[in-house]
Amino acid sequence: MPASIAAISGAKHTAILGLGVYRPSRIVTNDEVAGPIDSSDEWIRTRSGIKTRRFCGPDETVVSMSVDASRIAIESAGIAPDQVDCVVVATSTWMLLTPAAGPQIATELGMNTTAAFDVSAGCAGFCHGLSLAADMVKSGTARHVLVVGVEKLSDTIDMTDRTTAFLFGDCAGAVVVGPSEVNGIGPTVWGSEGDKSDAIRQTKDWVGFFKEIEALGLDARRPYLTMEGTTVFRWAAHSLEKVCRESLDRAGVAVEQLDALIPHQANGRITEVMARILKLPDNCAVANDIEEMGNTSAASIPLAMDTMLRKGEAKPGDTALLIAFGAGLSYASQVVSLPGVPV
């Protein structure tokens, strides 16, 4: 007779218990990035809504930013680091194929045996990680999960590429997901469209780059992040409404009940289109962190969440719709209750 395998169950409800972010100190203006792409501050603002972005200094890394953001999130959640059972790191800019960044971040936080792994879903990575965390807590696999969205996109940008040089920045954001008396994280609506994988991509794979080095030596050109901006804009403008409405429907929340829309900060024009199509109520705040921070990919939602809470544009307990899309093309959305203002 086969052995009987025990089953476990976890919390009925989950919520974001704590939030923390890390912003690099170096502020990069449009004037600084405009020269190499033969552009201007006005052109960049009009096309993207961006005024400034942050780039890391020599001592700021994916790991160090993640650790600093995570420490704030853990303290904000009112738990100790040894109460975190799993660390999920969403990033596209950890420049090692292996090992993952997650275990190093966990160890730096004093979590020597905690499960930790990375998620690669482009700008949608944070929403993917949030979904995994909520499911882990509900299933009983973990009681508290740390989700980190972190990018050091300045390492991946060709500063002469007119499609990307002005868009991206560096940052880390983290949340702690755990049990709650009422549900604070709605069902996730997610998916991917691999036939559009060329829309946001690395210019070449590493094997191809190594072959170029063998053939060309110092003339070999390293891989960079590139994007077909028009393709991405059109896809987002016409495809994301369905994802947002399905996310609201599955959460049982009407658009009129929304207090905040927090999309990943891809482009100010895309955010404007989304807000208009969804016909948000007048009192619904819309995140616009891209203006000062640029597109920080997987870090942008927790970063924008922090900014809205600190400025008073949204308050703890407000109902917010999260939506993100990126390389893959991958996308994910969920409705959440906003956490308290970070300490």
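On a predicted model such as this, the values are computed, not experimentally measured, just so you know.

A look at the side chain of Glu60
- Along the chain, Glu60 falls in the loop between β3 (52–55) and α3 (62–77).
- Notably, Glu60 is buried but unbridged: the nearest opposite-charge side chain belongs to Arg54, and the N-O separation is 7.7 Å.
- A polar contact of 2.4 Å, which involves the side chain of Glu60, links it to the side chain of Tyr22.
- Setting aside residues up to four positions removed in sequence, Glu60 forms contacts with Tyr22, Pro24, Ser25, Phe55 and Lys152.

Let's talk about unusual backbone geometry
- The linkage connecting Thr98 with the following residue, Pro99, adopts the cis geometry, with an omega of 0°.
- With respect to the helices and strands, Pro99 occurs in the loop between β4 (86–90) and α4 (101–108).
- Here Gly328 and Leu329 are connected by a cis peptide whose omega angle stands at -20°.
- Topologically, Leu329 is positioned in the loop between β13 (319–326) and β14 (330–337).
- The phi dihedral of Lys279 falls on the positive side, at around 55°, and the residue is not glycine.
- Note on placement: Lys279 falls in the loop between α8 (268–278) and β12 (285–286).

Structural notes on the sheet that holds strand β8 (residues 189–192)
- Sheet architecture is open: five strands sit in the order β8-β14-β13-β11-β12, paired in mixed fashion. Only two strands of the sheet have a single neighbouring strand rather than two, namely β8 and β12.
- The pairing of strand β11 (residues 260–263) with β13 spans four bridges and is parallel. By the bridge assignment, Pro263 is partnered in β13 with Ile323.
- In the packing of helix α7 (residues 229–251) onto the sheet, the strands contacted are β8, β13 and β14, and the crossing angle to β13 comes to about 140°.
- Together, β11, β12 and β13 form the strand contacts of α8, whose direction differs from that of β11 by roughly 140°.

Observations regarding the nonpolar core
- Core analysis: the biggest nonpolar cluster contains 43 residues, and Leu280, Leu321 and Phe325 have the highest contact counts within it.
- Those elements giving two or more residues to this core turn out to be α1 (30–34), β10 (225–227), α7, α8, β13 and β14.
- Excluding residues that lie within four positions of it along the chain, Leu321 makes contacts with Cys244, Ser247, Leu248, Leu258, Ala260, Leu261, Ile262, Leu278, Ser333, Gln334 and Val335.
- If you look at the next biggest cluster of nonpolar residues, it comprises 37 residues, including Val119, Phe126, Val147 and Ile185.

Description of the sheet that holds β4
- As summarised here, the arrangement of the five strands in space is β1-β7-β6-β4-β5, forming an open sheet in which the pairing is mixed. Of all the strands in the sheet, the pair left with one neighbour each is β1 (14–22) and β5 (115–119). Sheet twist, expressed as the average angle between the axes of neighbouring strands with direction ignored, equals 20°.
- The sheet contact formed by strand β6 (residues 145–152) and strand β7 (residues 170–179) spans eight bridges and is antiparallel.

What to know about the UniProt feature "domain: Beta-ketoacyl-[acyl-carrier-protein] synthase III C-terminal" (unreviewed entry) in the chain
- Taken from the UniProt record, the annotation "domain: Beta-ketoacyl-[acyl-carrier-protein] synthase III C-terminal" (unreviewed entry) applies to residues 248–337.
- Secondary structure over residues 248–337 splits into 34% helix and 24% strand, and the C-alpha atoms at its two ends are 13 Å apart.

Side note on the UniProt feature "domain: Beta-ketoacyl-[acyl-carrier-protein] synthase III N-terminal" (unreviewed entry) in the chain
- The feature "domain: Beta-ketoacyl-[acyl-carrier-protein] synthase III N-terminal" (unreviewed entry), as given by UniProt, occupies residues 117–194 in the numbering adopted here.
- As annotated, residues 117–194 has a helix share of 19% and a strand share of 32%, and its two end C-alpha atoms lie 23 Å apart.

With respect to the environment of Ser180
- Here Ser180 lies in the loop between β7 and β8.
- Every residue in contact with Ser180, bar those within four places of it in the chain, is listed here: His13, Thr14 and Ala15.
- Here the side chain of Ser180 touches Val182 through a polar contact of 2.7 Å, landing on its backbone oxygen.

Some remarks on the pairing of β5
- By the bridge criterion, five bridges tie β4 to β5 in an arrangement that is parallel. Bridged to Ala90 within β5 is Val119.
- Crossover handedness for the path β4 to α4 to β5: right-handed.

Thoughts on the pattern of salt bridges
- Within the structure shown, the criterion is met by 13 salt bridges.
- Its salt-bridge partner being Asp306, residue Arg310 comes within 3.1 Å of it at the nearest N-O pair. With Arg310 and Asp306 both in helix α10 (residues 300–311) and four residues apart, the pair spans about one turn of that helix.
- Members of the salt-bridge network, linked through shared partners, are Arg23, Asp306 and Arg310.

Some words on the packing of α3 against α4
- Axis separation between α3 and α4 bottoms out at 9 Å; the angle between their running directions is 50°. On the basis of their axis angle, the class for α3 and α4 is oblique. The crossing of α3 and α4 is right-handed. Between α3 and α4, the residues in contact are Val62, Val63, Ser66, Val67 and Arg71 and Ala101, Gln104, Ile105 and Glu108, respectively.

Some details on the layout of surface pockets
- The calculated volume of the largest pocket comes to roughly 1100 Å³.
- In this structure, the largest pocket is lined by 48 residues; those nearest its centre are Ser92, Ile200, Arg201, Leu225 and Ala327.
- Only α2 (41–48), β5, β9 (200–202), β10, α7, α8 and β13 provide two or more residues apiece to the lining of the largest pocket.
- Ranked by residue count, the leading element in the lining of the largest pocket is α7, at four residues.
- Considering only enclosed or pocket space, the second largest pocket measures out at about 150 Å³ in volume.
- What lines the second largest pocket is simply Val286, Ala287, Asn288, Asp289, Glu291, Glu292, Ala304, Thr307, Met308, Lys311 and Glu313.
- Every element with two or more residues in the lining of the second largest pocket is listed here: α9 (290–293) and α10.
- Here the lining of the second largest pocket gets four residues from one element, more than from any other, and that element is α10.
- Residue composition of the lining of the second largest pocket, grouped by class: four nonpolar, two polar and five charged.

The rules we used
Here the residue numbers are simple positions, counted from 1 along each chain's written sequence. Totals for whole chains, interfaces and linings use every residue, but because this is a predicted model, local features are given only for residues with pLDDT of at least 70 and side-chain atom pairs only at 80 or more, for both listing and counting. By convention in this description, side-chain values take in all heavy atoms of the structure and omit both hydrogens and water. Secondary structure follows DSSP: runs of H or I at least 4 residues long count as helices, runs of E at least 2 residues long count as strands, and numbering of each begins at the N terminus. For every residue, the accessible area obtained with a 1.4 Å probe (protein chains only) is divided by the maximum for its type, and the residue is called buried under 20%, exposed over 50%, and partly exposed between those limits. Positive charges are assigned to Lys and Arg, negative charges to Asp and Glu, while His and the chain termini are left out of the count. Salt bridge, as applied in this entry: a Lys or Arg side-chain nitrogen positioned within 4 Å of an Asp or Glu carboxyl oxygen. Polar contact is the term for a pair of N or O atoms within 3.5 Å; when the atoms are in protein, one must be able to donate a hydrogen and the other to accept it, and sequence-neighboring residues count only if both atoms are side-chain atoms. In what follows, residue pairs with any heavy atoms lying within 4.5 Å of each other are defined as contacts. At least two DSSP bridges between two strands are needed for those strands to be called paired. Angles here are taken between N-to-C directions and fall from 0 to 180 degrees, while the axes themselves are lines fitted to C-alpha atoms, restricted in helices to the stretch in contact. Here, the term nonpolar core denotes a set of buried Ala, Val, Leu, Ile, Met, Phe, Trp, Tyr and Cys residues that are joined through side-chain atoms within 4.5 Å. UniProt positions are given in the numbering used here, feature names are shortened, and annotations may be inferred rather than shown by experiment. Seen with the strands pointing away from the viewer, any crossover whose path from the first strand over the helix to the second strand runs clockwise is right-handed. Should an angle fall under 35 degrees it is called roughly parallel, over 145 degrees roughly antiparallel, and 65 to 115 degrees roughly perpendicular, with every other angle called oblique. Crossing handedness is read from the near helix: turned anticlockwise from the far helix by less than a right angle, it gives a left-handed crossing, and turned clockwise, a right-handed one. Think of a 1 Å grid over just the protein atoms. A cavity is a set of points where a 1.4 Å probe fits yet cannot get out, a pocket is an open set with protein on both sides within 12 Å along at least five of seven lines, and lining residues have an atom within 4 Å of a point. Grid points are joined across faces, edges and corners, and a volume is the space filled by probe spheres set on the points. Note on residue categories: nonpolar means Ala, Val, Leu, Ile, Met, Phe, Trp, Tyr, Cys or Pro, charged means Asp, Glu, Lys or Arg, and polar means any other residue, Gly included.

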